Amino acid sequence: MLLTNYQTDSFYDEMFSEEGGIRQSYHILKSRIEGMDDKELLSRKASAEKALLSLGITFNVYGDEEEEERIMPFDIIPRIVTAYEWKKMEEGLKQRIRALNLFIQDIYGDEKIIKDGIIPAEIVYSSSGYLKECKGLVPPKGIWIHITGTDLVRDGDGQMLVLEDNLRCPSGVSYVLENREVMKKTFPELFASLSVRPIYDYPIRLRGMLEHLSDKSNPNIAVLTPGIYNSAYYEHSFLASRMGVSLVEGTDLTVRDDKLYMRTTKGLKQVDILYRRIDDNFLDPKVFRKDSMLGVPGLFEVFKKGNVALANAPGTGVADDKVIYSYVPDFIKYYLGEDPIIPNVPTYLCSREKDLNYVCENIGNLVVKAANGAGGYGMIIGPVASQKEKEEFVAKVKADPRNYIAQPVLSLSRIPTLIEDKLEGRHVDLRPFILYGEEIYVMPGGLTRVALRRGSLVVNSSQGGGSKDTWVMG
Amino acid sequence: MLSRVAESVYWMNRYMERAENYSRFLDVNFQLSLDLNEDSNRQWMPLVYTTGDNELFFRKYNSPSKENIIHFMSLDTENPNSIMNCLIRARENARTIRENISTPMWEVINEFYLTIKSKRRFDESDMPGIAEFFKAIRNQCLLFYGCQEATISHDEVWHFALLGRLLERADKTTRILDMKYFILLPSGENTGSTLDLIQWLSLLKSASAHEMFNRFYTRITPKSIAEFLILDKIFPRAIRFCLSKTFDSLKTLSGTEKDSYGEETEKKVGVLLSEMNYASIDEIFTSGMHEYLDQLQVRLNGIASQLDETYFRN
């Protein structure tokens, strides 16, 4: 019933083909939805949301005192990915992470890629994620990016593209795990008939990956959080709990004799591996931001001496920069000698004069982003911006071209989403999570983020986005 | 375990226990005011005195009316000890140690918070349902203890939880008893009257001790009630019981043998407990109950700050 009047409005739809037919993988889901009356679907949605609120699966919204905690709006219509399509994505992501890791090791090492003229030195050095303090470092097992959340989008032709790599402290995996638990309660009968690949082992794999970074037989692992006011605090706590490790704040830690310790009721206990969820800049006030209250004085020295493993390693942010992103296909060719399996979104670099002129003249058709922006901040979407906004943004770009990139406005794919009491198409992206330990593991599925506002392309939770469960078929 | 986690689990329990006690005090006093039907100022103000927040109260309110006091002690977020504030802080502590507690425990505390936070102010129209409101609060607190008891391992986390609950409870029992002192002072002439009896009974009810008291005593006298609430060995709100369990938990935490002590808190509790083991209610009454309770409160505070020093500040 809900699906009868559904319109794809000529967008690429995840569930319906251009001819209006249902895609093969969605057959069972569709008949299940059609077998339910509207009320039942709505009441399942309501009970799913209530479960999330009860569990306190919330994020904090900065600058909003009255309602400082919210659940991320959760849509109960899942996104389904076929095994065939997933295999390609999985391979593409592994390839990408391998190349990115080699790149980071290279630029803090011999800088071959710069010497060979693949990427200009000044682009690397001017990246705000580049840490000169990491020069010459080799982190434990040579791995820099242990946990990655790469954002993928599907354009109007149905082609999957990499939108950006999140290599610093990518968040959202707890929603993926909790959404799945809620979905199992919401549609138990579908799980029985669809052989959806399980994801519940992610925290175990995360722990295994972290353990791999130490040679001790029973290493002490901790998750470092900025504290309960951080927007992703729930996730930090959730992951620590599921891994069975301590959740620590900076003040719980101290450095003595080049080792890292945590303060316990029985005195100090050494920490061997720290999954840190605070940015590089805040890690160690002795080396980075002096005013950081979140980190631990002396931590970086402990890391340099090899007495603690940090995940992700400091300095990985350099490859998270949106300008450097545009070079990733070149990295893949340079380090691996392969063609990229998942292409990038075409990107203009404002630091190139030709690109800058094009961007300034065509801003109305482009998305322009700050190289180190995140969470939907520091960007402009040309087609929906006012003349004044566009002019102001052009001025900003001209004042600091290195810091901006531009991309064509993609026609992101849409998927049926329950809006009030009917199903409407909404734009989505997909953030799979990748672990790099003894081998590279890609969690089957990931966080499908939904732009809930009609017509909006912005999926960030801080901008009113929601999420969906992602089902990879067996 | 992390010192910060120990501190949070301890305070989470202190705040829950405090919320429970406040809801009981308010409820009993509300019932009592219906029985006595007398000048409400005299009836309600002792409650504020016993919590020690009287200065703050008079800074904020003109009159110690029933409505003002109920609001001050239950919903007023400017009162650091109000039920609402206890709940906000208990929940905040729970959030910071969520990985150390069970999901059922967290859900109880979170749902409790979500149901009460929309309530802003009481007015006259809320009064018919107010007993239900306090009862609901009490039940949520008890549900929380039950969940804690049944769903987390009885390891260090558990013992710090217990310490928070027991020390808070011991402190509140001294304050309940002391309430009689504040009520009695202006009306010494009523000793032995019906009024006096009702007031003493309400003390027992404030400690949820009425039925248990009746099982062990045949006559309700000030002395027997004080004896029960101070010196009883097996009643869970009696001060001696709380101290004895506190001692057991401290022993488990430090791992020291019988008749020796591992750290200062254990010593302080051990000494106080021995004194209570050899105390009699006659002596306490002769030396002055109010003075005795005052001393107890000071020493309980000393124990709490020693605990803080030993386990939370290293």
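The rules behind these values
- Every chain is numbered on its own, with residues counted from 1 as its sequence reads.
- As they are written, the chains are lettered A onward and the ligands numbered 1 onward, keeping that order.
- Under the rules for a predicted model, residues below a pLDDT of 70 receive no local features and side-chain atom pairs below 80 are neither given nor counted, while totals for whole chains, interfaces and linings still include all residues.
- Values reported for side chains reflect all heavy atoms of the structure, with hydrogen atoms and water molecules removed beforehand.
- Note on conventions: DSSP H or I runs of at least 4 residues are helices, E runs of at least 2 residues are strands, and numbering of each starts at the N terminus.
- Between the two quantities, the radius of gyration covers C-alpha atoms and the globule rule is 2.2 Å times the number of residues to the power 0.38.
- Per-residue accessibility, obtained with a 1.4 Å probe over protein chains only, is compared with the maximum for each type, and a residue is labelled buried under 20%, exposed over 50%, and partly exposed between these values.
- Whether two residues touch is decided by their heavy atoms; if any such pair falls within 4.5 Å, the residues are in contact.
- The protein chains shown are the only cover counted for residues, whose accessible areas, like all others here, come from Shrake-Rupley with a 1.4 Å probe.
- A residue counts as positive if it is Lys or Arg and as negative if it is Asp or Glu; His and the chain ends are not included.
- Charge positions are represented by NZ for Lys, CZ for Arg, CG for Asp and CD for Glu.
- Pairing between strands is defined by DSSP: at least two bridges between the two strands are required.
- Helix axes are fitted only over the stretch in contact, all axes being lines through C-alpha atoms; the angle between N-to-C directions runs from 0 to 180 degrees.
- By convention here, the domain bounds are inherited from an automatic or database domain assignment.
- By definition, the buried area sums, over both parts, the 1.4 Å-probe accessible area that each loses when the two are put together.
- Put simply, a salt bridge is a Lys or Arg side-chain nitrogen that is within 4 Å of an Asp or Glu carboxyl oxygen.
- Two N or O atoms count as a polar contact when they lie within 3.5 Å, although within protein this holds only if one can serve as hydrogen donor and the other as acceptor, and sequence-adjacent residues are included solely when both atoms are side-chain atoms.
- In this classification, Asp, Glu, Lys and Arg are treated as charged, Ala, Val, Leu, Ile, Met, Phe, Trp, Tyr, Cys and Pro as nonpolar, and every other residue, Gly included, as polar.
- Side-chain rings of Phe, Tyr and Trp (the six-membered ring for Trp) are treated as a pair once their centres are within 6.5 Å; stacked means planes under 30 degrees apart, edge-to-face means over 60, and tilted covers the remaining angles.
- Note on terminology: a nonpolar core comprises buried Ala, Val, Leu, Ile, Met, Phe, Trp, Tyr and Cys residues joined through side-chain atoms within 4.5 Å.
- A pair of cysteine sulfur atoms is labelled a disulfide when the two atoms are within 2.5 Å.
- Think of pLDDT as the predictor's per-residue confidence, scored from 0 to 100.

> Would you mind showing me how to read the overall build of chain B here?
If you tally the helices and strands in chain B, you get 15 helices and 0 strands. For 314 residues, the compact-globule formula gives about 20 Å, and the C-alpha radius of gyration of chain B, at 19 Å, lands near that figure. By its C-alpha atoms, chain B is 55 × 50 × 35 Å across when sized along the principal axes. Counting every position in chain B, which comprises 314 residues, the buried fraction comes to 58%. Pairs at least 24 apart in sequence give 67% of the contacts found in chain B among residues at least 6 apart. For chain B, the exposed area adds up to about 13,200 Å²; of that, 50% sits on carbon and sulfur atoms. Counting 37 positive and 44 negative side-chain charges, chain B places the averaged centre of each group 2 Å from the other.

> Can you walk me through the sheet that holds strand β10 (residues 267–270) of chain A in this structure?
Hydrogen bonds between backbone atoms are what pair the strands of a sheet, whose relative direction is either parallel or antiparallel. Residues and elements named next belong to chain A. As summarised here, the arrangement of the 3 strands in space is β8-β9-β10, forming an open sheet in which the pairing is antiparallel. Each edge of the sheet is formed by a strand with only one pairing partner; in this case those strands are β8 (253–256) and β10. On average, each strand axis in the sheet is inclined to that of its neighbour by 45°, with strand direction left out of account. In the sheet, β8 pairs with strand β9 (residues 259–264) via 4 bridges, with the strands oriented antiparallel. When the sheet's bridge partners are listed, Val255 is paired in β9 with Leu260.

> Please clarify how the domain arrangement of chain A should be interpreted in this entry.
By convention, interface size is frequently given as the accessible area that disappears when the constituent parts associate. Domain assignment breaks chain A into domain 1 (220–271 + 273–307) and domain 2 (348–408). Each of domain 1 of chain A and domain 2 of chain A has a C-alpha centre, and these two points are 37 Å apart.

> I would appreciate a short explanation of the domain arrangement of chain B in the present structure.
Residues and elements named next belong to chain B. Per the domain assignment, the segments making up chain B are domain 1 (1–152) and domain 2 (153–313). Of note, the centres of domain 1 and domain 2, computed from C-alpha atoms alone, are 20 Å apart. At the interface, 32 residues of domain 1 touch 36 residues of domain 2. Summed over both partners, the interface of domain 1 with domain 2 buries about 3,200 Å², with 64% contributed by carbon and sulfur atoms. Per-residue buried area on domain 1 facing domain 2 is highest for Tyr10, Thr50 and Ile152; these three make up 19% of the total on that side. Our enumeration of links across domain 1 and domain 2 arrives at 6 salt bridges. Between Arg237 and Glu20 there is a salt bridge whose closest N-O contact spans 3.7 Å. Counting across the interface, domain 1 meets domain 2 through 12 residue pairs in polar contact (both at pLDDT 80 or more). Among the elements of the structure, α1 (3–36), α2 (40–51) and α7 (130–151) are those that each provide at least two residues to the side of domain 1 that touches domain 2.

> Looking at this model, I keep getting lost on the interface of chain A and chain B. Mind explaining?
The partner chain B presents 25 residues to the 27 residues of chain A that form the contact. Between chain A and chain B lies a buried interface of about 2,200 Å² when both sides are counted; carbon and sulfur atoms form 42% of it. Looking only at chain A, the three residues that lose the most surface to chain B are Ser54, Ile228 and Thr265 of chain A, adding up to 27% of its buried area. Between Asp252 of chain A and Arg4 of chain B there is a salt bridge, with the nearest N and O atoms lying 2.5 Å from each other. Elements that contribute at least two residues to the side of chain A that touches chain B include exactly α2 (38–54), α9 (233–243), β7 (246–248) and β9 of chain A. With 5 residues, the top contributor of residues to the side of chain A that touches chain B is α9 of chain A. Here the side of chain A that touches chain B is built from residues that sort into 11 nonpolar, 9 polar and 7 charged.

> Teacher, can you tell me more about the packing of aromatic side chains here?
Here a ring pair, both rings aromatic, is described through the centre-centre distance and the interplanar angle of the planes. Counted according to the given criterion, the structure contains 29 aromatic pairs over all chains. In this structure an aromatic cluster arises from ring pairing among Tyr10, Trp11, Tyr15, Phe160, Tyr311 and Phe312 of chain B.

> Could you clarify how one ought to interpret the environment of Ser456 of chain A in this entry?
Residues and elements named next belong to chain A. Mapped onto the elements, Ser456 comes out in the loop between β21 (447–451) and β22 (465–472). Linking Ser456 and His212, residues 244 residues apart in sequence, is a C-alpha distance of 42 Å. The contact partners of Ser456, leaving out residues within four places of it in the chain, are His427 and Ala451.

> Help me out: how do you make sense of the pairing of strand β5 (residues 160–166) of chain A in this one?
Where a strand is regular, its side chains alternate between the two sheet faces. Residues and elements named next belong to chain A. Here β5 lies mainly inside the structure; 7 of its 7 residues are buried. Both strand β4 (residues 147–154) and β5 contribute to a ladder of 6 bridges, which runs antiparallel. Bridge pairing in β5 places Arg154 opposite Met160. Count of turn residues in the β4/β5 antiparallel hairpin: 5 residues, of which Gly158 carries a positive phi of about 90°.

> Would you mind going over the nonpolar core with me for this structure?
In a soluble, globular protein the nonpolar side chains are often hidden away together inside. Counting residues in hydrophobic clusters, the biggest one holds 237 residues, and the most contacted among them are Tyr202 and Leu274 of chain A together with Ile230 of chain B. If we skip the residues at most four places from it in the chain, Tyr202 of chain A touches Ile147, Val173, Leu177, Leu239, Phe433, Leu435, Tyr441 and Met443 of chain A. Cys350, Val359, Ile380 and Tyr404 of chain A belong to the second-largest nonpolar core, a separate cluster that totals 15 residues.

> What exactly am I supposed to notice about the state of the cysteines here?
Covalent bonding between the sulfur atoms of two cysteines is what defines a disulfide. Taken as a whole, this structure holds 0 disulfides over all chains when the rule is applied. Sulfur of Cys360 of chain A: no disulfide; nearest cysteine sulfur belongs to Cys350 of chain A and is 6.8 Å away. Here Cys360 of chain A falls in the buried class, since its relative accessible area comes to 18%. Here Cys141 of chain B is not disulfide-linked; the sulfur of Cys86 of chain B is the nearest cysteine sulfur, at 8.9 Å. We classify Cys141 of chain B as buried; its relative accessible area is 0%.

> Can you help me understand the confidence of the model for chain B in this one?
A low pLDDT score tells you not to read the predicted coordinates there in detail. Averaged over every residue, the pLDDT of chain B is 89; residues scoring 70 or more account for 93%. Reported confidence for the predicted complex is 0.78 by ipTM and 0.87 by pTM.

> Looking at this structure, I do not really get the sheet that holds strand β13 (residues 348–349) of chain A. What am I missing?
All names here are of chain A. Within the open sheet, the 4 strands sit side by side as β13-β16-β14-β15. Their pairing is antiparallel. Each edge of the open sheet carries a strand with a single partner, namely β13 and β15 (379–381). Pairing between strand β14 (residues 366–370) and β15: 3 bridges, direction antiparallel. The partner of Lys369 across the bridge, within β15, is Met379.

> Explanation requested: unusual backbone geometry in the structure shown.
Trans peptide bonds make up the majority, and among non-glycine residues the majority have a negative phi. Residue and element names in this part refer to chain A. Residue Ala311 is joined to Asn312 through a cis peptide bond whose omega torsion reads -10°. Assignment of secondary structure puts Asn312 in the loop between β12 (309–311) and α12 (322–325). Phi is positive for Glu111, close to 60°, though the residue is something other than glycine. Among the secondary structure elements, Glu111 is positioned in the loop between α3 (83–107) and α4 (112–115). For Glu111, a relative accessible area of 14% translates into the label buried. In this structure, Asp258 takes a positive phi of about 60° despite not being glycine. The residue Asp258 is located in the loop between β8 and β9 in this model. Here Asp258 falls in the partly exposed class, since its relative accessible area comes to 29%.

> Please explain the side chain of Ser467 of chain A as it appears in this structure.
Residues and elements named next belong to chain A. Mapping Ser467 onto the fold places it in strand β22. Assessed through its relative accessible area of 1%, Ser467 is described here as buried. Beyond its immediate stretch of four places on either side in the chain, Ser467 contacts Met72, Pro73, Phe74, Asp75, Asn179, Leu447, Thr448, Arg449 and Val450.

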